[in-house]
Amino acid sequence: MKLNRRDVLSASGAGLLSAVVIPGQTANAATTTKPESNTHANYQPVRTLNGWTLPYKMNKGVKEFHLVAEEVEHEFGPGTRAKCWGYNGTTPGPTIEAVEGDRVRIFVTNSLKEHTTIHWHGLLLPSGMDGVGGLNQPHIKPGETFVYEFELKQHGTHMYHPHGDEMVQMATGMMGMFIIHPRKPTRPKIDREYCFLLHNWAIHPGTYRPDPTVMVEFDLWTFNSKVFPAIEPLVARTGERVRVRIGNLSMWNHPIHMHGVQFQVTGSDGGRWPENLWRPEVTEIVGVGQTRDIEFIAEPGDWAFHCHMAHHTMNAMGHEIPNTLGVDQSAIEQRIREMLPGYMAMGEHGMAEHQDHVDSGHHAGPPNTMAMMMGKGPYGNLEMGGMFTTVKVRDNIRPGDYRDPGWYAAPTNSVARRINKNAVDIPPPVRKG
Amino acid sequence: MTEPSRLGVACLVVLGSGCASIPSDWGQSNVNSMVVERRADIDFSNTEALDSLLSEPIDAEQAVRIALFNNPDIKAIYARLGYGAAAVYRASRISNPVFSFAALDPTNVSGVTRLSYGLIGSFTDLITLPQRKKLAGAGFAALKAEVGAEILTLAADVEQAFYQYQTAQQVKKLRKLTASAAAVSAQLAEQFFDAGNISPRQLAQAKSGASQAKLLALSSEADAFGARQSLADLLGLSVADDWSVSGRLSLPGSIDDKVSELLQYANANRLDFEAAKQRAQVIAERKKFVAWSRWVGAVNIGVEKERESDGEKLFGPQLEIEIPIFNQNLDGVMETDAEMQSAAATLRKLAITIDNEVRLADMAVTNAKYRIDEIRDVLIPARVAATRQAQLEQNFMLIGAFELIQSKQLEYDSYEAYINAIGDYWLARVQLTRAVGNSLPGAAESGRSYLDVQKLMVPKQSNHMHQHSHQFGHGESK
């Protein structure tokens, strides 16, 4: 296995871990690892999309983790990088995975230039461990290391994030998932688990740092700090039961929609819900500060999986730019080009043409800025960005294999096709009015 | 030889020695030499015909050359030399002798008509001749300096008018371009409005913006025409004639003249200052002259011959002496005193004015140069970069076309500022040349390079194929 930075960090554990346990999979690994714990736990490790799980060290029955709050360099997708803040070299930070009943000891070192804390979102723990700076604890000053220690009295999908200068530190990327598996395995058995955090960023075109002063008009919408086409697909074998754990630490609610299946909403940071509370949905709104678990039986095919706010599935686009729909610029385009040789009129018939112009090199953009619509599928442009990825289900994917299987080869006659409308007897369209 | 003959010869000698030489051109070539000593770039030759000079766009030097033979006032300026020449002529002459004759018939019939002949001339003129000649000569020299100063002023006026016209012409072109951009924006707004995508208010705002830009362009047309008229007047041409000025704007050189050096030049070379000094000197000499001549009075000498009525003939010298009892020409003394004081005050004022003019003009030149540097090295590149980046943002639909066009208009504004700054520089240099009264020490360095305004206005072709970001190229992909 080729080691990347995360693997090295996992192995070294920021210098404090001697007996390192790597629970589950690091990025690109294709095997499961049975974790150790002080209680029975034979859980399906969660795969963090584009991310990783923090290793721990057992120390006299206590799982010890070490988080380092620091500035990180992060790529949102090919063409956009920024100086963000995160944990242990990444944003979001590594997923903490443990088992209900575990005692955890989490060291937090602050390598930022301002103070910080960590709040364990949704966890039931002593007041002094709750992580609200000034309320529950002194702030962790630059250079200091604090320790949090508590017993995990619950299971569910949780998150962690700062509670010191919270708005800035979250806006710049400081957050992570905290998954607590139940003490006893639940039924039905989960074959694959994924988790990701929803977030939003103001990376103004041409800049290299998130702007924490933006409250509403964001530029990038991410799953685990990645935008399409850089978000990994969710891969599964046909018939597997897949759980996706979603946390939302953005500033907006997100209707998360999956194509091809009806999933069940089965849990949250309140833990796995009783089955009588499960809801069948195809879209689930994950509110700000909420987590949701959805489960489905994988159906073969390539299925879009995305936030249903259409502008959240685009990369940066101008807010309130003049509406070009229906505007005929044919008489004036050349005059504009005489003073601006690179000018090309766009948008009269919609924005679909934009991706072609960008992909062909006609339209260069500002530095460090991805085009608003990107990605190519087997049948053409996907015209997506932001909070969009795919669920790829194949009959022949082996358990534990998370590699991208490529595009789905649909069976013959199961793909929408063009017809010769003059040759085929089709009913005339009915119009109102 | 009889006494009368000797006296007559003496008079002739004196008369002969009083003649002074006056140049046939009344000193014009003298004046021109003084001017060329100070402004070697000024060319008095008018060997090239006017039509030939005007067949191509003219530069500042050619404009001055044309003015020196075609300006309507030039002849009047040089004509003033005639007054000085006349004064020299007058001063180098003594008054004409006066011949008197009387024929008196006696009352008794036995006598013959008494005849009396007299010839008398001014002795005062004779003894004051050298001093008067000297004073007139000094006055003529001062006048030549004044005329020279007027020629230099004319040259400076022509240069000023030239640069004003040249700048106005280029600004006119730029404003037309800006107006065109605004018109394009308004036309685009109409398309948006027709599509139902902007409000009537937004359309009206776009149209008003275009109209205001057009008004500025029209105003610059009028300004350019006014500047053309000013130059035409100085060149003795009609605004309607077919002539033009070069569109190439000269750029400043790198040499900065030192103020101390410029002040020395001004003190040594300002012809109006030189003329004022000479005038003061003339007054000082005249004061000396008045000081002793006021006691002399009018003295006339001559001869008289009479034939008495009894036939006796008498002949002998004649002498008239004014006795300064009641009037010792104190008024003349007071007048020259007043003139002295006035001349001293004028000199002092001129010295202060020249000093201040040089310093102010030098500051204006330096300031204009700094503005040119700032606009060329900072403002224009920033505006060009802003437009380029705006184009990239518009490519990605991050901004709209209106904002892009606005960026281009701001770019045009920066070119206009550049042209105005260059114009201001040359106008300031003209003022400095005026103030110094001489070509500037660094003149040879300036004007060697040119700004081609036409090239400035032509947009560079875009090259979208090779846009790279090198600002954040490190780090690994995740």
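Residues numbered from 1 in each chain as written. Chains lettered and ligands numbered in written order. Predicted model: local features only at pLDDT ≥ 70, side-chain atom pairs only at ≥ 80, totals over all residues. Heavy atoms only, no water.

**Observations concerning the overall build of chain A**
Condition: In DSSP terms, a helix is any run of H or I states spanning at least four residues, a strand is any run of E spanning at least two, and both are numbered starting from the N terminus. Atoms considered for the radius of gyration are the C-alpha atoms alone. The globule rule reads 2.2 Å times the number of residues to the power 0.38. Throughout, exposure labels follow a simple rule: accessible area from a 1.4 Å probe, protein chains only, divided by the maximum for the residue type, with under 20% read as buried, over 50% as exposed, and the rest as partly exposed.
Each helix and strand counted, chain A has four helices and 24 strands in total. A compact globule built from 433 residues should have a C-alpha radius of gyration of about 22 Å, and chain A, at 23 Å, falls within 12% of that. C-alpha extents for chain A along the principal axes are approximately 75 × 50 × 45 Å. Expressed as a percentage of its 433 residues, the buried residues of chain A come to 57%.

**Focus on the overall build of chain B**
This is how the line gets drawn: Any two residues whose heavy atoms approach within 4.5 Å are treated as being in contact. Accessibility throughout is a Shrake-Rupley quantity obtained with a 1.4 Å probe, and a residue counts as covered only by protein chains that appear here.
Looking only at helices and strands, chain B features 12 helices and six strands. The buried share among the 478 residues of chain B stands at 42%. For chain B, the share of sequence-separated contacts (at least 6 apart) that also reach a separation of at least 24 residues comes to 79%. When the accessible area of chain B is evaluated, it comes to approximately 25200 Å², of which 55% is carbon and sulfur surface.

**Here's the deal with the pattern of salt bridges**
Residues and elements named next belong to chain B. Here is the rule we go by: By salt bridge we mean one thing: a side-chain nitrogen of Lys or Arg within 4 Å of a carboxyl oxygen of Asp or Glu.
A full pass over the atoms with the stated rule returns 48 salt bridges over all chains. Here R359 ties to D355 by a salt bridge, and the two come within 2.7 Å at their closest N and O atoms. Residue R359 and its partner D355 are both found in helix α10 (residues 330-395); the two are separated by four residues, about one turn of the helix. The salt bridge partner of D377 is R376, with a shortest N-O separation of 2.9 Å. Relative accessible area serves as the criterion here: at 48%, D377 is assigned to the partly exposed category.

**Let's talk about α10(B)**
All names here are of chain B. Put simply, the test is: Helix span is expected to be 1.5 Å times the residue number reduced by one. We define the bend at each residue as the angle formed by axes fitted to the 7 residues ending at it and the 7 residues starting at it.
Under the 1.5 Å per step criterion, the end-to-end length of α10 is 92 Å for 66 residues, consistent within 8% with the ideal 98 Å. The largest bend along α10 reaches roughly 40° and is located at I375. Backbone geometry just after α10 places M397 at a positive phi near 55°.

**Quick notes on the interface of chain B and chain A**
Reports of interface size often rely on the accessible area that becomes lost once the parts have come together. Where we set the bar: A simple way to read buried area is as the amount of 1.4 Å-probe accessible surface that goes missing from two parts once joined, with both sides added. Note on residue classes: Ala, Val, Leu, Ile, Met, Phe, Trp, Tyr, Cys and Pro are nonpolar, Asp, Glu, Lys and Arg are charged, and everything else, Gly too, is polar.
Contact with chain B, which involves 43 residues of that partner, is made by 52 residues of chain A. Taking both sides of the interface into account, the surface hidden between chain B and chain A amounts to around 4100 Å²; carbon and sulfur atoms contribute 63%. For the interface between chain B and chain A, the tally reads zero salt bridges. Of all the elements in the fold, those that place two or more residues in the side of chain B that touches chain A are α6 (123-194), α10 and α11 (401-436) of chain B. No other element matches the eight residues that α6(B) contributes to the side of chain B that touches chain A. Here the residues of the side of chain B that touches chain A are counted per class, giving 19 nonpolar, 19 polar and five charged.

**A word on the packing of aromatic side chains**
Let me state the cut-off plainly: For Phe, Tyr and Trp, where Trp contributes only its six-membered ring, two rings pair if their centres lie within 6.5 Å, and the inter-plane angle classes them as stacked under 30 degrees, edge-to-face over 60, or tilted in between. Consider the ring centre and the ring normal. A charge sits over the ring if Lys NZ or Arg CZ is within 6 Å of that centre and within 35 degrees of that normal.
Across all of its chains, the model carries 21 aromatic pairs over all chains by this definition. Among the aromatic residues, those joined into a cluster by ring pairs are A:Y87, A:W120, A:Y148, A:F150, A:Y160 and A:F178. Over the face of the ring belonging to A:Y402 we find A:R192, whose NZ or CZ atom lies 4.9 Å from the ring centre. Taking the ring centre of B:F140 as reference, the NZ or CZ of B:K144 above it sits at 4.6 Å.

**Notes on the packing of helix α8 (residues 259-269) of chain B against α10(B)**
Residues and elements named next belong to chain B. Rules: Every angle, taken between N-to-C directions, lies between 0 and 180 degrees, and every axis is a line fitted to C-alpha atoms, over only the stretch in contact when it is a helix. Every angle not falling under 35 degrees, over 145, or within 65 to 115 is termed oblique; those three ranges are roughly parallel, roughly antiparallel and roughly perpendicular. Two helices cross in a left-handed way if the nearer one is turned anticlockwise from the farther one by less than a right angle. They cross in a right-handed way if the turn is clockwise.
Relative orientation of the contacting elements α8 and α10 amounts to 140°, with a least axis distance of 10 Å. When the axis of α8 is compared with that of α10, the two are oblique. Along this stretch, α8 crosses α10, giving a crossing that reads as right-handed. Where α8 approaches α10, its residues V259, L262, L263 and A266 are matched on the opposing element by I354, D355, V358, R359 and D362. Residue classes in the contact of α8 with α10 are distributed as six nonpolar, no polar and three charged.

**Observations concerning the sheet that holds strand β13 (residues 234-237) of chain A**
All names here are of chain A. Under the convention used in this document: Strand pairing is defined by DSSP finding a minimum of two bridges between the two strands.
Taken together, five strands build an open sheet; the order of strands is β13-β24-β21-β15-β19 and the sheet is mixed. Looking at strand neighbours, the two that pair on one side only are β13 and β19 (283-286), the edges of this open sheet. Geometrically, the sheet is characterised by an average inter-axis angle of 20° between neighbouring strands, direction not taken into account. With six bridges connecting them, strand β21 (residues 301-307) and strand β24 (residues 388-394) associate as antiparallel partners. Residue pairing across strands places D302 opposite K392, the latter belonging to β24.

**Observations regarding the environment of A:E73**
All names here are of chain A. Mapped onto the fold, E73 is located in strand β3 (residues 62-77). Taking the relative accessible area as the measure of exposure, E73 reaches 27% and is therefore partly exposed. Here the alpha-carbon distance between E73 and R209, two residues 136 residues apart in the chain, equals 9.6 Å.

**Focus: the packing of α10(B) against α11(B)**
Residues and elements named next belong to chain B. Two elements in contact, α10 and α11, have axes separated by 8 Å at closest approach and are oriented at 165°. Taken together, the axes of α10 and α11 lie roughly antiparallel to each other. When you trace α10 past α11, the crossing you get is left-handed. Grouping the amino acids of the contact of α10 with α11 by side-chain chemistry returns 26 nonpolar, six polar and 10 charged.

**Details of the nonpolar core**
Formally: Only buried residues count toward a nonpolar core, which is a set of Ala, Val, Leu, Ile, Met, Phe, Trp, Tyr and Cys residues joined through side-chain atoms within 4.5 Å.
B:I151, B:V158, B:L231, B:L235, B:V358 and B:Y418 are the most contacted members of the largest nonpolar core, which has 110 residues in total. When residues in this core are grouped by element, the largest group, 24 residues, is from α6(B). Once residues lying within four places of it in the same chain are set aside, the contact partners of B:V158 are B:A63, B:V64, B:A67, B:L231, B:L234 and B:L235. Grouped together as the second largest cluster of nonpolar side chains are 34 residues, A:L49, A:F218, A:V261 and A:C307 included.

**Here we look at the sheet that holds strand β2 (residues 114-122) of chain B**
All names here are of chain B. Ordered in space as β1-β2-β4-β5, the four strands form an open sheet in which the pairing is antiparallel. Because the sheet does not close on itself, it has two edges, and the strands there are β1 (98-104) and β5 (313-321). Geometrically, the sheet is characterised by an average inter-axis angle of 15° between neighbouring strands, direction not taken into account. Summarising the sheet, β2 and strand β4 (residues 299-307) pair through eight bridges and their orientation is antiparallel. Bridging from a neighbouring strand, G118 pairs with E304 of β4. Packed on one face of the sheet, α6 meets β2 and β4 and runs near 15° to β2.

**Here's the deal with the pairing of strand β10 (residues 176-181) of chain A**
Residues and elements named next belong to chain A. In terms of burial, β10 is largely enclosed, as six of its six residues are buried. Because side chains alternate across β10, one face comprises the buried residues G176, F178 and I180, and the other comprises M177, I179 and H181, equally buried. By the bridge criterion, four bridges tie strand β5 (residues 96-99) to β10 in an arrangement that is parallel. By the bridge assignment for β10, E97 is matched with I179. Summarising the sheet, strand β9 (residues 156-161) and β10 pair through five bridges and their orientation is antiparallel. Counted as the bridge partner of T157 is I179 from β10.

**Looking at the confidence of the model for chain A**
Formally: Confidence of the prediction at every residue is given by pLDDT, a number between 0 and 100.
Looking at chain A as a whole, the pLDDT averages 90, with 91% of positions reaching at least 70. Across residues 1-40 of chain A, confidence stays below pLDDT 50; counting only partners more than four residues off in sequence or on other chains, it has 89 contacts.

**A short note on α8(B)**
Which entries qualify depends on this criterion: What the arc covers is the set of directions going from the helix axis to the C-beta atoms.
Considered for burial, the residues of α8(B) that qualify are B:L262, B:L263, B:A266 and B:N269. All buried residues of α8(B) project into a common sector of 150° when viewed along the axis, lining one side.

**Thoughts on the confidence of the model for chain B**
Should the pLDDT be low somewhere, the predicted coordinates at that spot are not to be read in detail. All names here are of chain B. Considering every residue of chain B, the mean pLDDT works out to 87; 90% of them sit at 70 or more. Within chain B, no element has a lower average pLDDT than helix α1 (residues 3-17), which sits at 46, and none a higher one than helix α7 (residues 200-235), at 96. Under a pLDDT of 50 for its full length, residues 1-18 has, in the predicted model, 12 contacts with residues more than four places off or in other chains. Within the model, pLDDT remains below 50 along residues 463-478, and this stretch shows 35 contacts once partners closer than five positions in the same chain are excluded. The ipTM assigned to the predicted complex is 0.81, against a pTM of 0.80.

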